[in-house]
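# Overview (structure and organization)
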Amino acid sequence: MATPVAVRLKLPSKILESRDPNAVLASLDDRANPMLRLEVIDATLGCLQQAMQTSRGYQRQAYVSAILHLEGILREGDSAFTVSQDYGGLERRIDETLHASYDKAVESGASKAQAAAEHLRAAFSEVYGIHPDPSAAYSRAIKAVEAVANPLFLPNSPEPTLGAVRSTLDQGRNKYEMVIADRAGAPANIDAVVAMISLLWHGQRDRHEGGPTSAPVSQEAAEAAVHASAVLVHWFSTGAIRKK
């Protein structure tokens, strides 16, 4: 794995020219980049994931065993990072219950649109990876909701967007209801759904440049958006919002 890892990280060629490139990589240190060792682990996992796609039998089992051993070390060492569920890299460790809830949304999204699940997985990796990209994560979060909501509410629209879904639901509040009951025991209205979509849609302040309210997406905003999108994907995929 030394060569593909070194190439991914654009490391000096002298590493590969050494007698034991693996040993050099394992002991690599850089005071100017305290994340370097984590980057090596992350890149190694990415290379292993690629190798696993074509491996079979004992070799694949050996890869999985090594990855699970690494995860055990990270957990026992109380690391802030964990191996991603697809084994493709490292991600910031979050509460297990919250992670399970997110995984459920991915599963339900996949049942309606594979693209929704793919966008949710990518959004999670982009917001919780070792080098987070809040802007990309927020954009993926919106795409995940659009992948499920657009076919449901804008099946004939040539240019469906989450903003258009919001307008459709806002103007047709009397046409839809939720499976959750309100205080009177009747199906609740969709005000909460419209509010969540509005929050997600209007909160992406970097979608267009040059406006008076344009601003970079913060890490905190991206995390909130990613989990809000998971809730919406789950609701739309499972029929939690339905026609009256």
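Look a little higher up for the structure.
Report follows, based on the coordinates. (Residues numbered from 1 in each chain as written. Predicted model: local features only at pLDDT ≥ 70, side-chain atom pairs only at ≥ 80, totals over all residues. Heavy atoms only, no water.)

## Considerations on the side chain of Ser198
- Its location among the elements puts Ser198 in helix 10 (residues 191-202).
- For Ser198, a relative accessible area of 13% corresponds to the buried category.
- There is a polar contact of 2.8 Å between the side chain of Ser198 and the backbone oxygen of Val194.
- Ignoring sequence-local partners within four residues, the contact set of Ser198 consists of Arg166 and Gly203. (Helix = DSSP H or I, 4+ residues; strand = E, 2+ residues; numbered from the N terminus. Buried < 20%, exposed > 50% of the residue type's maximum accessible area, 1.4 Å probe, protein only. Polar contact = N/O pair within 3.5 Å; in protein donor to acceptor, adjacent residues only side chain to side chain. Contact = heavy atoms within 4.5 Å.)

## Observations concerning helix 11 (residues 219-238)
- Here helix 11 contains 20 residues, and its C-alpha end-to-end distance of 29 Å stays within 8% of the 28 Å for a straight helix at 1.5 Å per residue.
- Immediately downstream of helix 11, the backbone of Gly239 shows phi near 80 degrees, a positive value. (Expected span 1.5 Å × (residues − 1).)

## What to know about helix 6 (residues 96-112)
- Taking 1.5 Å per residue, 17 residues should reach 24 Å; helix 6 reaches 25 Å between its end C-alpha atoms and fits that length.
- Buried residues of helix 6: His99, Tyr102, Ala105, Val106, Ser108 and Gly109, and no others.
- Summarising the contacts, the buried residues of helix 6 are in contact with strand 2 (90-92), helix 7 (114-128) and helix 11.
- Of the residues flanking the start of helix 6, the one acting as N-cap is Asp95, its side-chain oxygen 3.0 Å from the backbone nitrogen of Thr97.

## So, the nonpolar core
- Counting residues in hydrophobic clusters, the biggest one holds 46 residues, and the most contacted among them are Leu169, Val193, Phe236 and Ile241.
- Of all the elements in the fold, those that place two or more residues in this core are helix 6, helix 7, helix 8 (134-153), helix 9 (162-171), strand 3 (176-178), helix 10 and helix 11.
- Top contributing element to this core by residue count: helix 8, with ten residues.
- Among all residues touching Leu169, those that are not within four sequence positions of it are Phe153, Tyr176, Ile190, Val193, Val194, Ile197 and Phe236.
- Ranked by size, the runner-up nonpolar core spans 13 residues in total, among them Leu45, Met52, Val83 and Leu90. (Core = buried A, V, L, I, M, F, W, Y, C linked by side-chain atoms within 4.5 Å.)

## Notes on the layout of surface pockets
- When its volume is computed, the largest pocket comes out at roughly 300 Å³.
- Lining the largest pocket are 14 residues, with Glu71, Arg75, Thr82, Val83 and His99 positioned closest to its centre.
- Elements represented by at least two residues in the lining of the largest pocket include exactly helix 5 (57-76), strand 1 (81-83) and helix 6.
- With four residues, the single largest contributor to the lining of the largest pocket is helix 5.
- Among the residues making up the lining of the largest pocket, the classes are represented as five nonpolar, four polar and five charged. (1 Å grid on protein atoms, 1.4 Å probe; cavity = no way out; pocket = protein on both sides within 12 Å on 5 of 7 lines; lining within 4 Å. Points joined across faces, edges and corners; volume = space filled by probe spheres on them. Nonpolar A, V, L, I, M, F, W, Y, C, P; charged D, E, K, R; others polar.)

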